[in-house]
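Descriptive analysis of the structure
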Amino acid sequence: MSDTHAPVQAAGRMLHPELAAASDESEVKNGRRLDHAEGTSHPIRPSSAPEPQPRGARIRGNHRISQSEAANRFIAAPQHEKMHDERLWDLRQKRDRVMHRIPEWEELRSLASAIKEHTLTHLDEYLDRFEANARTNGIHVHWARDGAEHNRIVHDILLDHGAASLIKSKSMLTEECGFRDYMASVGIKVIETDLGERIQQLDNEDPSHVVVPAVHKLRTDVAQVFAKTLGTDAGNSNVHYLAEAQREATRPLILEADAGMTGANFVVAETGTFVVCTNEGNADLSANVPKLHIASIGIEKIIPRLEHLAVFVRLLSRSALGSPMTQYTSHFRGPRAGGEMHVVLVDNGRSKRLGMEEFWTSLKCIRCGACMNTCPVYRRSGGLSYGATYSGPIGLIIDPTFNRHKYSALPFSSTLNGSCTNVCPVKINIHEQIAAWRKVMAEHHELPLIKKSAMKAAGALLARPTLYRAAIASADVALNVLPHFVIYNRLNAWGKHREVPHAPRQTFHAWYRNNRGTP
Ligand code: SF4
């Protein structure tokens, strides 16, 4: 083998086997796909037994979700952690490459942000305009205050048509509404048509990412799920075999379904139309195979005019997957001949969020997932560790608006490095809003006792300069002389994954006093 192949081979060895097998060699050759030092710093030993999939956060009623507990379990599964980290970092890198090919990228971001802010501050007008135009197009328009009302409206529509089965494309809004559980409780069969979402449905799990719902699963996990639910060979994790088996099992259900449901990525007020972006064409099946099409849409999805769509379509897929365009960008204008189309416009906390001075711009989100792909905490802990509908940086802002106590620990699952803000195509100041939530949690006494006591002690120390200097000097001496086990033990959660840097021989304050006189 010539020397020119060595980097490719080395690169292949460093990647998780699933990614190495699926990788485009030309991308590996140019070296850019692998410049994620952290992701490649822990080579994993190949194992003959498949690693069991770590499950998500423990959810107990209204109890505070511990993201760190679930994250620890994810990190303890090295194959999953490595694959997840690398797969998402790969998406982030692809996003960077396509973004650099568009000189006006920053202008597009500013424009998208301005369009969204304008629309959100005139939301009532644009929603009314959409409703009027959609009705003119022959669409039935419904309004739902919350998830429960949304579910009842959809159920009533299905009852009116005697529908017992529904095929649907991926929709985070329906996850918010607990839609599948509700439908199961009233005896309506729901079949997800997006492959990742179908995998999650068969595994009885929520999506872990807004764009790639089963990204936390290894192929061997999918093989296990399909073996249990579809009767495939548990030992065969070939992607073509698994995808084909799923297609064979699901396609007849799609063809027989009584109704179809989609979400919408964008709703255009001036035309009374909506747009759904997918890469599998599954939304088109959901919308076009049955005669009844129901679209569940969050009220923040609206944009004023069709010309604005071009701005968002250019940003969405590039930010999400690093591809110039989603494979299918389908426009829906009204029911087809002999069919019926319903749109359910859902609030479910959005109006309340719009009134939150520090958090209302989170409604600009177009659910591209770029902030998740770049977040070091998300990449290493998996989306299900957040125990909420939305995970990653945007989830840390949205989830507490649904339940402040239950999600009070989430805003602390961030390094506040600002990378999420930098990649956001609609310029949401994500890391600043996360920091603002921390303040809100402290003001509402939602901090765990241990954090509260530590903050109190730190506050007392920082308020007394002499005491602070004495403490720092003693800590430096202690760090240099104490045995390792005294510093790194079960009580020191911080030290579980980190080493304290070597303490300097003297503090900066002491150095300054010795060299420059009294400060
Ligand atoms: S907050 Fe921004 S980066 Fe994150 S999903 Fe929403 S639009 Fe994408």
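Residues numbered from 1 in each chain as written. Predicted model: local features only at pLDDT ≥ 70, side-chain atom pairs only at ≥ 80, totals over all residues. Heavy atoms only, no water.

Time to look at the sheet that holds strand 10 (residues 340-346). A sheet is described by the order of its strands in space; here 6 strands give the open sequence 1-10-7-4-2-3, paired in parallel fashion. Of all strands in the sheet, those with a lone pairing partner are strand 1 (140-144) and strand 3 (189-192), marking the two edges. On average, each strand axis in the sheet is inclined to that of its neighbour by 25°, with strand direction left out of account. Judged from the 5 bridges that link them, strand 1 and strand 10 form a sheet pairing that is parallel. Among the inter-strand pairings, Trp143 is bridged to a residue of strand 10, identified as Leu345. Contacts from helix 13 (residues 239-256) reach strand 2 (165-168) and strand 3, with the element oriented near 125° to strand 3. (Pairing = 2+ DSSP bridges. Helix = DSSP H or I, 4+ residues; strand = E, 2+ residues; numbered from the N terminus. Axes fitted to C-alpha atoms, helices over the stretch in contact; angles between N-to-C directions. Contact = heavy atoms within 4.5 Å.)

Another point: the pattern of salt bridges. Summed over all chains, the structure comprises 27 salt bridges. Measuring nitrogen to oxygen at the nearest pair gives 3.8 Å for the salt bridge that ties Asp85 to Arg380. Of the two residues, Asp85 is situated in helix 5 (residues 78-100) and Arg380 in helix 18 (residues 376-381); the sequence distance between them amounts to 295 residues. Of the two residues, Asp85 and Arg380, neither departs from the other in class, the shared state being buried. One continuous salt-bridge network, built from bridges that share partners, spans Lys168, Glu175, Arg180, Glu192 and Glu197. (Salt bridge = Lys/Arg side-chain N within 4 Å of Asp/Glu carboxyl O. Buried < 20%, exposed > 50% of the residue type's maximum accessible area, 1.4 Å probe, protein only.)

All right, on to the sheet that holds strand 8 (residues 302-303) then. Within the open sheet, the 4 strands sit side by side as 8-5-6-9. Their pairing is mixed. On the outer flanks of this sheet lie strand 8 and strand 9 (328-332), each paired with one strand and no other. Pairing of strand 5 (residues 266-268) with strand 8, which is carried by 2 bridges, proceeds in the parallel orientation. Each bridged residue has a counterpart across the sheet, and for Val268 the counterpart in strand 8 is Ile303. Its contacts with the sheet place helix 15 (residues 306-321) against strand 5, strand 6 (273-278), strand 8 and strand 9, and it is angled at close to 170° to strand 5.

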